[in-house]
Amino acid sequence: MRVITAFALAVLIHELGHVTVARILGVPLISFSKIITGLSMQFDFSRASFFREALVHLGGSLFGVLSAALAALLGGRFFLTYAGISLTFAAVNLLPLSSFDGAGILAALLSAFFLPDTVWTIMQTVSAVTLIFLWVGVIWIELRVGANIGLIAFACALMVKTFFEEQGQGLSSPGL
């Protein structure tokens, strides 16, 4: 139960980070919904600079890392569990996979230099290459350490999220 509560809190603080940074930067939140692989938020980036868009994408992981540091300082079983989960969640969200924060950051920064079609092509390629490296890593770990159904399920969920889930222009985070 402690792990589930810590994970739910990590997701909540992550999403709160996006909303807080968006509010500070004047980027409106259009919608917030639960999807099969997590939570999804749509922001109106039409009047935001590429830099502001990247900051909104970064906000979730930033809040996750800061809250993990605070939790680690507090100590105790729950807070240390939360810190580990929050740091992992922040790192995963920074992967440049389609619909993850890392892809949003990279796409926003590339948009300052390239046309949308070029950015889309680059992002699809980066996402596919990242997923291939993840799968190679998972297979290597499986062969080296032994079967870990959780790791395989995680890699499968990333593949589903990356290639089979409807892609929007919002933010989505794996979990819940």
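For clarity, every value in this text was computed on a predicted model and none was experimentally measured. (Residues numbered from 1 in each chain as written. Predicted model: local features only at pLDDT ≥ 70, side-chain atom pairs only at ≥ 80, totals over all residues. Heavy atoms only, no water.)

Participant: Can you walk me through a nonpolar patch on the surface in this structure?
Facilitator: A grouping of L58, L62, L66 and L94 is seen on the molecular surface, where their side chains present a nonpolar patch of about 330 Å² in accessible area. Tracing the sequence through the fold places L58 in helix α2 (residues 50-74). (Patch = residues over 30% accessible without salt bridge, like charges linked within 9 Å, V, L, I, M, F, W, Y side chains within 5 Å. Areas by Shrake-Rupley, 256 points an atom, 1.4 Å probe, with all protein chains shown as cover. Salt bridge = Lys/Arg side-chain N within 4 Å of Asp/Glu carboxyl O. Helix = DSSP H or I, 4+ residues; strand = E, 2+ residues; numbered from the N terminus.)

Participant: Sorry if this is basic, but what is going on with the packing of aromatic side chains here?
Facilitator: The geometry of two aromatic rings is summed up by the distance between their centres and the angle between their planes. This structure, assessed with the given rule, holds three aromatic pairs. Between F7 and F89 the ring centres are 5.7 Å apart and the planes differ by 85°, which places this aromatic pair in the edge-to-face class. Of the two residues, F7 sits in helix α1 (residues 2-25) while F89 sits in helix α3 (residues 77-93), which places them 82 residues apart along the sequence. Between F43 and F45, the ring centres sit 5.9 Å apart and the planes meet at 35°, which makes this aromatic pair tilted. Each member of the pair, F43 as well as F45, is classed as buried. (Phe/Tyr/Trp six-rings, centres within 6.5 Å; stacked < 30°, edge-to-face > 60°. Buried < 20%, exposed > 50% of the residue type's maximum accessible area, 1.4 Å probe, protein only.)

Participant: How should I be thinking about helix α5 (residues 116-145) in this particular structure?
Facilitator: Between the first and last C-alpha of α5 there are 42 Å, a value that for 30 residues agrees with the 44 Å anticipated at 1.5 Å per step. Those residues of α5 that sit buried are V119, M123, S127, T130, L131, V138 and E142. Among the residues trailing α5, G146 stands out with phi positive, at a value near 125°. (Expected span 1.5 Å × (residues − 1).)

Participant: Hey, could you run me through the side chain of D101 in this one?
Facilitator: Within the element layout of this structure, D101 appears in helix α4 (residues 101-111). Among the residues examined, D101 registers a relative accessible area of 0% and is labelled buried. Engagement of the side chain of D101 in a polar contact is seen with the side chain of H18, the distance being 3.2 Å. (Polar contact = N/O pair within 3.5 Å; in protein donor to acceptor, adjacent residues only side chain to side chain.)

Participant: Mind showing me how you'd approach the packing of α1 against α2 here?
Facilitator: Packed helix pairs are specified by the crossing angle of their axes together with the interaxial distance, meaning the distance between the axes. Running from amino to carboxyl end, α1 crosses α2 at an angle of 135°, the nearest separation of the two axes being 7 Å. Here α1 lies oblique to α2, going by the angle between them. Between α1 and α2 lies a crossing whose hand is right-handed. Mapping the contact onto sequence places I13, H14, L16, G17, H18, T20, V21, A22 and L25 in α1 and R52, L55, V56, H57, G59, G60, S61, F63 and S67 in α2. (Axes fitted to C-alpha atoms, helices over the stretch in contact; angles between N-to-C directions. Parallel < 35°, antiparallel > 145°, perpendicular 65-115°, else oblique. Left-handed = near helix turned anticlockwise from the far one by under 90°. Contact = heavy atoms within 4.5 Å.)

From the geometry alone we can't say anything about function, so treat these as descriptive.
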